[in-house]
Amino acid sequence: MKTLGVILLSAMLTDNFVLSKFMGICPFLGVSKKLDSASGMGIAVTFVMICATAVTYPIHYGILVPNGLEYLDTVVFILVIALFVQLVEIALKKMLPPLYKSLGVYLPLITTNCAVLGVTVLNIDNGYSFLDSLVNALGGGLGFMLALVIFSGVRKKLEYADIPETFKGVPATLIAASIVSVSFMGFSGLFS
Amino acid sequence: MAENKTPLIKEISKGIIKENPTLVMLLGMCPTLAVTTQASNGIGMGLATTFVLLGSNIVISALRKIIPDKVRIPAFIVIIASFVTLVGFLLEGFVPPLYESLGIYLTLITVNCIIFGRAEMFASKNNVIASACDAIGMGLGFTLALFIMGSVREIIGSGQWLAGLGQLVGIDDWKPISIPFVSDNPMLLFIMPAGGFFTLGMIIAMVNKLANRKPPQEIECGGCDNCPMSGKCDKKEEKAS
């Protein structure tokens, strides 16, 4: 049986959501320009991932499975996530305005972030226990943040580089991402 | 709201080349990178997405006057997720190998920006027939992009081409085309995640070169009002600050 530490570290490093599972590429490319927006997005995603897991897991095993409705997973999960993101947004706006101010822009985007739906579905597919799922979500979120923060540093350097005209913008960013991804390949096999 | 009067054939063709969702508009990057280790996976994913897009565009366009504006996003999401579930069942029943190899990314079609983007930008403003044509065009454009990505990665990364296509079309004794020289020394890196980023970067650069236009410094922007991505838009922040 896998220990919680292995699940956490493998979700963070070896199976990094962005760089080896390709989930959440859109925010990875879109929000990684500045360090503070990258870390803000990372925190918001981690938070929503954990909360979404905490809500969808009981729904799957408590409501859908007993009624033989597992095929509704996708529909229910995405609705829960959308609803949840809205709730978090409203709650933060009322209760913690400073935090809302720093995360607010990113919250609506998280609904369509595949990493969040991905982590909830993966938890079910892998047959994790409730605690395992939460740890997996935490690791996935931290890994997402790590990738975003590292990549924002790379992009800062990239801005000053002399790139051929055709490669400017997105192509150069993608190739830089490829190199960062190679560095994450160094972690593979660490926990197998 | 003015109905779009463009000829239908244009609605189809624009998605394939001029407004190719992946290579030009840079939407739906996750599946583009994730499933394209084989050309046949690319085709399968592309067609599955096309089906979902067609279904959701038709339904959303037909219901566009009934769905209240305030709840349109949850409504769109439910419609899209239902079609994704449907496609999941169809693939599981008829092409199980493809279902296995697409895995979780099949579920993730739900959050593919292309589908949501087309629903928001096109289907909610145009009639059913135009929306259907738009969906076919965009879907085929996506499939084409995935096929090109998959071909490049498969040929360089495993030295063969179109492995697994037999399962897709139901031919049992299908043999993949072996590429001379590369098949002895495949560059494994290309079917790994890093190769995906690299190939996509190269292909987009090539499209830029061929189209001989200014490279997209920013993701194309049609104003923040109708943009599903307006939340994360850096321009918006810059304007505000």
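Here the structure is a predicted model, which is why all the values come from computation and not from measurement.

Most of helix H7 (residues 113-123) of chain B sits inside the fold, with nine of its 11 residues counted as buried. Where H7 of chain B is concerned, the buried positions are Cys113, Ile114, Ile115, Phe116, Gly117, Arg118, Ala119, Phe122 and Ala123 of chain B. Tucked inside the fold, the buried residues of H7 of chain B contact helix H2 (25-30) of chain A together with helix H3 (39-62), helix H4 (72-94) and helix H8 (128-158) of chain B.

Take the interface of chain B and chain A next. The interface is formed by 37 residues belonging to chain B together with 42 residues belonging to chain A. Breaking the side of chain B that touches chain A down by element, the ones donating at least two residues are helix H2 (29-34), H4, helix H6 (104-107), H7 and helix H10 (193-211) of chain B. Ranked by the residues each element gives to the side of chain B that touches chain A, the list is headed by H10 of chain B, at 11 residues. Partitioning the side of chain B that touches chain A into residue classes produces 25 nonpolar, nine polar and three charged.

All names here are of chain B. Two elements in contact, helix H1 (residues 8-16) and H8, have axes separated by 6 Å at closest approach and are oriented at 25 degrees. When the interaxial angle is binned, H1 and H8 end up roughly parallel. Crossing geometry of H1 relative to H8 is assigned as right-handed. Contacts between H1 and H8 involve Leu8, Glu11, Ile12, Ser13, Lys14, Gly15 and Ile16 on the former and, on the latter, Ile129, Ala130, Cys133, Asp134, Ile136, Gly137, Met138, Leu140, Gly141 and Leu144. Class assignment of the residues belonging to the contact of H1 with H8 gives a composition of 10 nonpolar, four polar and three charged.

Residue and element names in this part refer to chain A. Here Gly42 is to be found in helix H3 (residues 35-64). Taking the C-alpha atoms as reference points, Gly42 and Leu146, 104 residues apart in sequence, are found 7.8 Å from one another. Those residues in contact with Gly42 that lie beyond four places of it in its chain are Phe144, Met145, Leu148 and Val149.

Residues and elements named next belong to chain A. Tracing the backbone through its elements, the reader meets Ser183 in helix H9 (residues 170-185). A tally of 11 C-beta atoms within 10 Å means that Ser183 is categorised as exposed. With 164 residues separating them in the primary sequence, Ser183 and Leu19 have C-alpha atoms 9.7 Å apart.

All right, on to the confidence of the model for chain B then. Parts of the prediction with low pLDDT should not have their coordinates interpreted in detail. All names here are of chain B. Of all residues in chain B, 85% attain a pLDDT of 70 or more, and the chain-wide mean is 80. The spread of mean pLDDT over the elements of chain B runs between helix H11 (residues 234-240), the lowest at 47, and H3, the highest at 91. For the stretch residues 237-241, pLDDT sits under 50, and the model shows zero contacts to residues farther than four places along the chain or on other chains. We note a pTM of 0.82 for the whole complex and an ipTM of 0.83 for its interfaces.

Each value, and the rule that gives it
- Residues numbered from 1 in each chain as written.
- Chains lettered and ligands numbered in written order.
- Predicted model: local features only at pLDDT ≥ 70, side-chain atom pairs only at ≥ 80, totals over all residues.
- Buried ≥ 20, exposed ≤ 12 C-beta atoms within 10 Å, placed from the backbone.
- Helix = DSSP H or I, 4+ residues; strand = E, 2+ residues; numbered from the N terminus.
- Contact = placed C-beta atoms within 7 Å.
- Nonpolar A, V, L, I, M, F, W, Y, C, P; charged D, E, K, R; others polar.
- Axes fitted to C-alpha atoms, helices over the stretch in contact; angles between N-to-C directions.
- Parallel < 35°, antiparallel > 145°, perpendicular 65-115°, else oblique.
- Left-handed = near helix turned anticlockwise from the far one by under 90°.
- pLDDT = per-residue confidence, 0-100.

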